[in-house]
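Chain and residue survey
What follows is each chain in one-letter form.
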Protein chains: 2
Amino acid sequence: MTTMSNRYRAEPGNNRPTMRDVAALAGVGTKTVSRVMNDEAGVTEATRLRVLKATEQLNYQLDIAAGSLRRTGRRTLSIGLLLPSVANPFSGEIHRAIEDGLAARGIAVFAASLDDDPEREKTLVAAFLRRRVDGLVLTPIAKSQAYVIPEHSRDLPMVFIDREPVGIEADAVVTDNAVGAARAAAHLISHGHRKLAYLGDRTDIQTARERRRGFTEELGRAGIATSTIPILEDLHDEESACRAAHALLGSDDPPTAVFSSQNLITFGAMRALKDRGLNRTTALVGFDDFSLSDMMDPGITVIAQHPERIGKLAAERLLARIDGDHVAPRTYVVPTELIPRGSGELRPPN
Amino acid sequence: MTTMSNRYRAEPGNNRPTMRDVAALAGVGTKTVSRVMNDEAGVTEATRLRVLKATEQLNYQLDIAAGSLRRTGRRTLSIGLLLPSVANPFSGEIHRAIEDGLAARGIAVFAASLDDDPEREKTLVAAFLRRRVDGLVLTPIAKSQAYVIPEHSRDLPMVFIDREPVGIEADAVVTDNAVGAARAAAHLISHGHRKLAYLGDRTDIQTARERRRGFTEELGRAGIATSTIPILEDLHDEESACRAAHALLGSDDPPTAVFSSQNLITFGAMRALKDRGLNRTTALVGFDDFSLSDMMDPGITVIAQHPERIGKLAAERLLARIDGDHVAPRTYVVPTELIPRGSGELRPPN
DNA sequence: CCTGTGCCTGACAACGATGTCATGTAGCAT
DNA sequence: ATGCTACATGACATCGTTGTCAGGCACAGG
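Just so you know, these numbers come straight off a predicted model, no measurement behind them.

What counts, and where the lines are drawn
Residues numbered from 1 in each chain as written. Chains lettered and ligands numbered in written order. Predicted model: local features only at pLDDT ≥ 70, side-chain atom pairs only at ≥ 80, totals over all residues. Heavy atoms only, no water. Helix = DSSP H or I, 4+ residues; strand = E, 2+ residues; numbered from the N terminus. Expected span 1.5 Å × (residues − 1). Contact = heavy atoms within 4.5 Å. Polar contact = N/O pair within 3.5 Å; in protein donor to acceptor, adjacent residues only side chain to side chain. Axes fitted to C-alpha atoms, helices over the stretch in contact; angles between N-to-C directions. Parallel < 35°, antiparallel > 145°, perpendicular 65-115°, else oblique. Left-handed = near helix turned anticlockwise from the far one by under 90°. Buried area = accessible area lost by both parts, 1.4 Å probe. Salt bridge = Lys/Arg side-chain N within 4 Å of Asp/Glu carboxyl O. Nonpolar A, V, L, I, M, F, W, Y, C, P; charged D, E, K, R; others polar. Buried < 20%, exposed > 50% of the residue type's maximum accessible area, 1.4 Å probe, protein only. Lys, Arg positive; Asp, Glu negative; His and termini not counted. Near = heavy atom within 4 Å. Phe/Tyr/Trp six-rings, centres within 6.5 Å; stacked < 30°, edge-to-face > 60°. Lys NZ or Arg CZ within 6 Å of the ring centre and 35° of its normal. Pairing = 2+ DSSP bridges. Least-squares fit on C-alpha atoms with pLDDT ≥ 70 in both.

Digging into helix H11 (residues 263-275) of chain A
All names here are of chain A. With 13 residues, H11 should reach 18 Å at 1.5 Å per residue; the first-to-last C-alpha distance of 18 Å fits that figure. Taken together, the buried residues of H11 touch strand E6 (196-199), helix H10 (238-249), strand E8 (257-260) and strand E9 (283-287). One side-chain oxygen at the N-terminal end of H11 lies 2.6 Å from the backbone nitrogen of Leu-264; it belongs to Gln-262. Positive phi appears at Gly-277, one or two residues downstream of H11, with a value of about 65°.

Put into structure tokens, the structure is as follows:
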């Protein structure tokens, strides 16, 4: 059993044809088959047709991985994409835009989920590297991305998305978090609010800190003492956000307007407002757009990000790097957009 | 430039270490390095440590693709996953469950989006095959999947999800569409409704047909003449669904309860109901759960699918096949669940 | 008829790894 | 001391493909 000839595998029928089989059937050399499969010049039309016929007869498919071993540049025509979670709709949109941006070049995407786990980040990047991907698109979560410096200096193309990397100079595509949050604050202030409140995500997340910064800076610009504004942070899911919002709204001096720094927090805030019958009274602006936001009562005003633009830009930058672009790394900022739908335009009482 | 030695590439620093480099540094043979990297038995602890030290010094990463060329079974430790779209939340959940199911075995996932395009299905499957994936998880959309028969008979593990394949006998994991739709009908009928209406997706989609079948069969069981029930189909997005619902609700004899066979259609129906102020009067049950369904007015009663269970089961079946399971292919059915939230429990007037 | 210029074409080595197998060494019993 | 076993180790061929290079053929010009 184990001394069986290599040509024949233990499993029945598991004999995928190789270039040699095709070459033999077409009566040409393997190099000629290779030329045909790769659309290289210098093959007679007659030979080409003979080879193509043989590939069809045998149902032959080129082995990209085997080829990459010898191919100049060792391209595997695949990249690694690390997302918070492939099940996250925001990530999904980015993923899709990247897929679309790379499809024309025949590049396939390995996708994996981070789950906010710094250890996983390293493990998954290592898994991508073992597969010799042509590039990486990463959402960083670990404290530092210095661990990929060796690869980066080996010229492995790399683009960070959503958050900027720490400890390494590399391309990044991020949302304008601070500006977006500031815009939300300005919007609420311009509608007469002075008693704002801030519901924020875990402070170890860079984007969360940026949003808070933008928000508080705008307060300063408007002459509102930051100390008077409740800043509730380290909320990471709908439930904790809902509890925090309840505490806030049930206090002696409740805010007239709430800003929530992220989707799930917005949901929690919406729920608390509704529970207390304040949804048509207390203003709300959320960071991140979401489906059905316009079906709420009232519609929810949001600071919309543009995941598809982030993904598109990341794919473009990665392709440029793959094609040998060596300009200095920089961070690309994708603007946000305030979409008024009602909840953010509610005015304070009196 | 082109006559440069092979050892050195054109790009600077692009010299990834190989097993040979590690072997040289550790003063052992490449085979020993291979053994260490693959946790094979028969290596002294002392040697093992020397090798590991060398890999760390050189920042060496095993090349899985190169290894797969020679490895028994030619395993690439990767699979191909074809989804309607990676941006679709339902698909995202399936994707995630599959990723989780395969991660323990070190298998990476190539994901790609179909976009309801039968041609794309074939192109993308071919792209997976060229990468010699160890298995395929496919959402079929083409009229027939007979084109993968050659691969299937070469024992390439394959699991179809969401829809059953046509023209090939292979494992499939699907939702119990007919039963779910029937349950929705029964639920509405049990709440006193006789004047139902059906809003359905494109009829070339198998699951859409199944849902209609389940729905109408339940009508029959309840003694409601199918001919009296409006069946509006070929709706594929929110807008067309909204228009259809408007037409329905504005007719002489509007239904007292509506069933929508899919997420976007549900959204369209919700919008139409709200536009007409009927959201608290006309009952609605939608197929597919969605976030914020409980925040609607009233909450939306749905037939929930379990994408995470579909993904988990698909991953299990695929792994079993990869491990050599040769039982006859079958279809696994994942049950749906009716989640009452208000809209489906509204009673007809009088 | 000879030479030169292109153009097709295939032999061959090599990419980075692993399966096979032979070799060497240590340890133990005789 | 001898012979045996068991185990650790490395040489080598090979996986399927592509880069390099040399050979062969056709055709044009002298």
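Some points on the packing of H10 of chain A against H11 of chain A
Residue and element names in this part refer to chain A. The geometry of H10 relative to H11 is characterised by a closest axis approach of 7 Å and an angle of 45° between their N-to-C directions. Of the possible angle classes, the one that applies to H10 and H11 is oblique. Considering the relative orientation of H10 and H11, their crossing is right-handed. For the pair H10 and H11, contact is made by Glu-238, Ala-241, Cys-242, Ala-245, His-246 and Leu-249 and by Leu-264, Ile-265, Phe-267, Gly-268, Ala-269, Arg-271, Ala-272, Leu-273 and Asp-275, respectively.

Considering the interface of chain B and chain A
Contacts between the two partners involve 61 residues from chain B and, on the opposite side, 61 residues from chain A. In total, chain B and chain A occlude about 5,500 Å² of area from one another, counting both sides; carbon and sulfur atoms represent 50% of this. Of all residues in chain B, Arg-16, Arg-154 and Met-295 of chain B give up the largest surface area on contact with chain A, accounting jointly for 14% of the area buried on that side. Remark: the boundary between chain B and chain A carries 12 salt bridges. In this structure, Arg-271 of chain B and Asp-294 of chain A form a salt bridge, with 2.7 Å as the shortest nitrogen-oxygen distance. Inspection of the chain B/chain A interface yields 30 residue pairs in polar contact (both at pLDDT 80 or more). Every element with two or more residues in the side of chain B that touches chain A is listed here: helix H4 (64-70), helix H5 (89-103), strand E2 (108-113), helix H6 (118-130), helix H7 (149-153) and helix H11 (263-275) of chain B. Among the residues forming the side of chain B that touches chain A, the class breakdown is 27 nonpolar, 14 polar and 20 charged.

Concerning the pattern of salt bridges
Counting across every chain of the model gives 56 salt bridges over all chains. Of the charged contacts in the structure, one is a salt bridge between Arg-243 of chain A and Glu-239 of chain A, with a shortest N-O distance of 3.0 Å. You can see Arg-243 of chain A and its partner Glu-239 of chain A sitting in helix H10, 4 residues apart, about one turn around the helix. The exposure class assigned to Arg-243 of chain A is exposed, which follows from its relative accessible area of 53%. One salt bridge in this structure joins Lys-312 of chain B and Glu-316 of chain B, with 3.7 Å as the shortest N-O distance. With a gap of 4 residues between them, Lys-312 of chain B and Glu-316 of chain B both fall in helix H12 (residues 307-322), about one helical turn apart. You can call Lys-312 of chain B exposed: its relative accessible area is 52%.

Description of the side chain of Asp-134 of chain B
All names here are of chain B. Position of Asp-134 among the secondary structure elements: in the loop between H6 and strand E3 (135-138). One buried charge, Asp-134, has no salt-bridge partner; the nearest side chain with opposite charge is Arg-75, at 4.6 Å. Here the side chain of Asp-134 touches Thr-76 through a polar contact of 2.8 Å, landing on its backbone nitrogen. Engagement of the side chain of Asp-134 in a polar contact is seen with the backbone nitrogen of Leu-77, the distance being 2.7 Å. Excluding anything up to four places from it in sequence, Asp-134 contacts Arg-74, Arg-75, Thr-76, Leu-77, Ser-78, Leu-156, Pro-157 and Ile-322.

Some details on the protein's contact with DNA strand C
The full set close to DNA strand C counts 32 residues, and Thr-32 and Arg-70 of chain A together with Met-19, Ser-34 and Tyr-60 of chain B are the nearest of them. By atom count, sugar and phosphate contribute 66% of the portion of DNA strand C lying within 4 Å of the protein. Here a base nitrogen of DNA strand C sits 2.6 Å away from a polar atom, N or O, in the side chain of Arg-35 of chain A. Interatomic distance of 2.8 Å between a side-chain N/O atom of Asn-38 of chain B and a phosphate oxygen of DNA strand C. Considering each element in turn, the surface near DNA strand C owes the most residues, 4 residues, to H4 of chain B.

Comments concerning the packing of aromatic side chains
Enumeration over the complete set of coordinates arrives at 12 aromatic pairs over all chains. An angle of 85° between the planes, with centres 5.0 Å apart, marks the rings of Phe-267 of chain A and Phe-290 of chain A as edge-to-face. Pair noted here: Phe-267 of chain A is in helix H11 and Phe-290 of chain A is in the loop between E9 and strand E10 (301-304), with a separation of 23 residues, a long-range link. Overall, Phe-267 of chain A belongs to the buried group, its relative accessible area being 8%. Assessed through its relative accessible area of 9%, Phe-290 of chain A is described here as buried. In textbook terms, an aromatic cluster arises when at least three aromatic residues are bridged by ring pairs, as seen for Phe-110 and Phe-128 of chain A together with Phe-110 and Phe-128 of chain B. Cation over ring: Arg-211 of chain B sits above Phe-287 of chain B, and NZ or CZ is 3.9 Å from the ring centre.

Some points on the pairing of E10 of chain A
Residue and element names in this part refer to chain A. Of the two faces of E10, the one lined by Thr-301 and Ile-303 and the one lined by Val-302 and Ala-304 are each fully buried. Of the strand pairs in this sheet, E9 and E10 are connected by 3 bridges, and their pairing is parallel. Residue pairing for E10: Val-285 is matched across the bridge by Thr-301. Across 3 bridges, E10 lies against strand E12 (residues 337-339) in antiparallel orientation. Its bridge partner lying in E12, Val-302 is registered against Ile-339.

As for the protein's contact with DNA strand D
Lining the immediate environment of DNA strand D, one finds 30 residues, of which Met-19, Ser-34 and Tyr-60 of chain A together with Thr-32 and Arg-70 of chain B sit closest. Per the 4 Å cut-off to the protein, sugar and phosphate atoms form 67% of the nearby atoms of DNA strand D. A distance of 2.8 Å separates a phosphate oxygen of DNA strand D from a polar side-chain atom of Asn-38 of chain A. Arg-35 of chain B places a polar side-chain atom, nitrogen or oxygen, 2.7 Å from a base nitrogen of DNA strand D. Of all the elements in the fold, those that place two or more residues in the surface near DNA strand D are helix H2 (30-37) and helix H4 (64-70) of chain A together with helix H2 (30-37) and H4 of chain B.

Topic: the relation of the copies chain B and chain A
Superposition record for chain B on chain A: RMSD 0.1 Å, screw rotation 180°, translation along axis 0.0 Å. Both copies are brought into coincidence by an operation consistent with a two-fold rotation axis. Within chain B, Phe-110 of chain B has its C-alpha nearest the rotation axis, a separation of 2.3 Å. Here 100% of the interface residues in chain B have copies in chain A that are interface residues too; the copies meet face to matching face.

Examining the sheet that holds E10 of chain A
All names here are of chain A. The strand order E7-E6-E8-E9-E10-E12 describes an open sheet built from 6 strands, whose pairing is mixed. For this open sheet the edge positions go to strand E7 (231-232) and E12, each flanked by a neighbour on one side alone. In this fold helix H8 (residues 177-190) packs onto E6, E8, E9, E10 and E12, with an angle of close to 170° to the strand it touches most, E9. Seen against the sheet, helix H9 (residues 206-221) touches E6, E7, E8 and E9 and runs at an angle of roughly 170° to E6.

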